[in-house]
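# Results of the structural survey
Next come the chains, spelled out residue by residue.
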Amino acid sequence: MSTYQPIPTVRALEAQHIAHPQMHADLSTDAPARSLLIDFREQRPPVIDGHLEAGEAKIRMRMADSALKLVLNPAEDCIGLLTLKDVLGRKAMSRAHEMALPPEEVPIHDIMRPIGRLPAITIEDLEAARVGDLVYTFNDVHEEHMLVIEDTPEGDSVALRGVITASHLTRRLRVSLDSRARATSFAEIVQAVNGQFD
């Protein structure tokens, strides 16, 4: 029979640094690409109901300090991806104008990115890749987010395993992107780390 003992405690300092991913050593383009995965097996997926309106979605995203949500249908399957930029930006304003609604009343279903339009890679390919491969992949697909999928245990379908975001990649590589140029490509990253790709 196991016996348990109290764990020794220590007194914390009056002010303490908080550890977070950005405090880790700079990410190398030769590092495993998997290190950038937001893995839904390790952390709860950031989800939101697809029937909500933009105003409510904005409140929930700010309360959760989350700029990214997976949009669910009534069966709790993911049907799209919603960012705070979608809710606050031109897309919501444009749809509001088209629908003759206040921006806060636009259904998020109308401003999300449908899941079928986002690029996806398999977990197996991700585990065999390096960060530099991800840079070139983002540059190729011209998207802000990339889905990672895996086969279900039954093997008859696929499931969403996680997501990789371009903003997370740029933060970890410590490379800045001009927001005006972000829509065109990931070329700035390629140029900034080009010496490591030769």
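Before reading further, recall that the structure is shown in the block above.
First, a word on scope: everything that follows refers to the structure included in this document. Since the model is a prediction, treat every value here as computed from it, not as a measurement.

### Structural notes on the packing of helix 5 (residues 131-141) against helix 6 (residues 166-173)
Where helix 5 contacts helix 6, the axes come no closer than 11 Å and their chain directions differ by 135 degrees. Here helix 5 is positioned oblique relative to helix 6, judged by the angle of their axes. By crossing handedness, the relation of helix 5 to helix 6 is classed as left-handed. Two secondary-structure elements touch here, helix 5 through Val 131, Leu 134, Val 135 and Phe 138 and helix 6 through Ala 166, Leu 169 and Leu 173. Looking at the contact of helix 5 with helix 6, its residues break down into seven nonpolar, no polar and no charged.

### Description of the environment of Met 146
With respect to the element layout, Met 146 can be found in strand 7 (residues 145-151). With a relative accessible area of 0%, Met 146 lands in the buried category. With residues near it in sequence (within four places) discarded, Met 146 still touches Pro 119, Ile 121, Leu 134, Thr 137, Phe 138, Gly 162, Val 163 and Ile 164.

### Considering helix 5
All of the buried residues in helix 5 are Val 131, Gly 132, Leu 134, Val 135 and Phe 138. Projected down its long axis, helix 5 shows its buried positions confined to an angular sector of 160 degrees, all on one face. With its phi angle positive at about 55 degrees, His 142 sits one or two positions after the end of helix 5.

### Regarding the sheet that holds strand 8 (residues 158-165)
Strand-to-strand pairing in sheets goes through backbone hydrogen bonds, with the strands running parallel or antiparallel. The mixed open sheet is built from four strands, whose spatial order is 1-8-7-6. Each edge of the open sheet is held by one strand with a lone partner, namely strand 1 (38-39) and strand 6 (120-122). Alignment of strand 6 against strand 7, held across three bridges, turns out to be parallel. Counted as the bridge partner of Ala 120 is Leu 147 from strand 7. Across the sheet, helix 5 lies against strand 6, strand 7 and strand 8, angled at about 115 degrees from strand 7, the strand it touches most.

### Some points on the sheet that holds strand 5 (residues 113-114)
With mixed pairing, the four strands of this open sheet are ordered in space as 2-3-4-5. With partners counted over all chains shown, the strands left at the sheet margins are strand 2 (47-49) and strand 5, one partner each. As judged from the two bridges shared by strand 4 (residues 78-83) and strand 5, these two strands associate in the antiparallel manner. Across the sheet, Leu 81 pairs through a bridge with Arg 113, a residue of strand 5. On the sheet, helix 1 (residues 54-63) packs against strand 2, strand 3 (68-72) and strand 4 and is oriented at approximately 75 degrees with respect to strand 4.

Rules behind the numbers
Sequence order as written defines the numbering, with residues in each chain counted from 1. Local features in this predicted model are restricted to residues of pLDDT 70 or higher, and side-chain atom pairs are both shown and tallied only at a pLDDT of 80 or more, whereas totals for entire chains, interfaces and linings draw on every residue. Processing note: side-chain calculations cover all non-hydrogen atoms of the structure and skip hydrogens and water entirely. Note on method: axes are straight lines fitted to C-alpha atoms, helices fitted across the in-contact stretch only, with angles between N-to-C directions ranging 0 to 180 degrees. Runs of E in the DSSP output that reach at least two residues are strands. Runs of H or I that reach at least four are helices, and both are numbered from the N terminus. The cut-offs work like this: below 35 degrees is roughly parallel, past 145 is roughly antiparallel, 65 to 115 is roughly perpendicular, and the gaps in between are oblique. Helix crossings fall into two classes, left-handed where the near helix is turned counterclockwise from the far one by less than a right angle and right-handed where it is turned clockwise. Any two residues whose heavy atoms approach within 4.5 Å at even a single point are treated as in contact. Residue type decides the class: Asp, Glu, Lys and Arg count as charged, Ala, Val, Leu, Ile, Met, Phe, Trp, Tyr, Cys and Pro as nonpolar, and the leftover types, Gly among them, as polar. Burial classes follow relative accessibility: with a 1.4 Å probe on protein chains only, a residue under 20% of its type's maximum area counts as buried, one over 50% as exposed, and anything between as partly exposed. Taken from the helix axis, the directions to the C-beta atoms give the arc we talk about. Paired strands, as defined in this entry, are two strands with at least two bridges between them according to DSSP.

Honestly, that's just the spatial picture; any functional story needs more than this.
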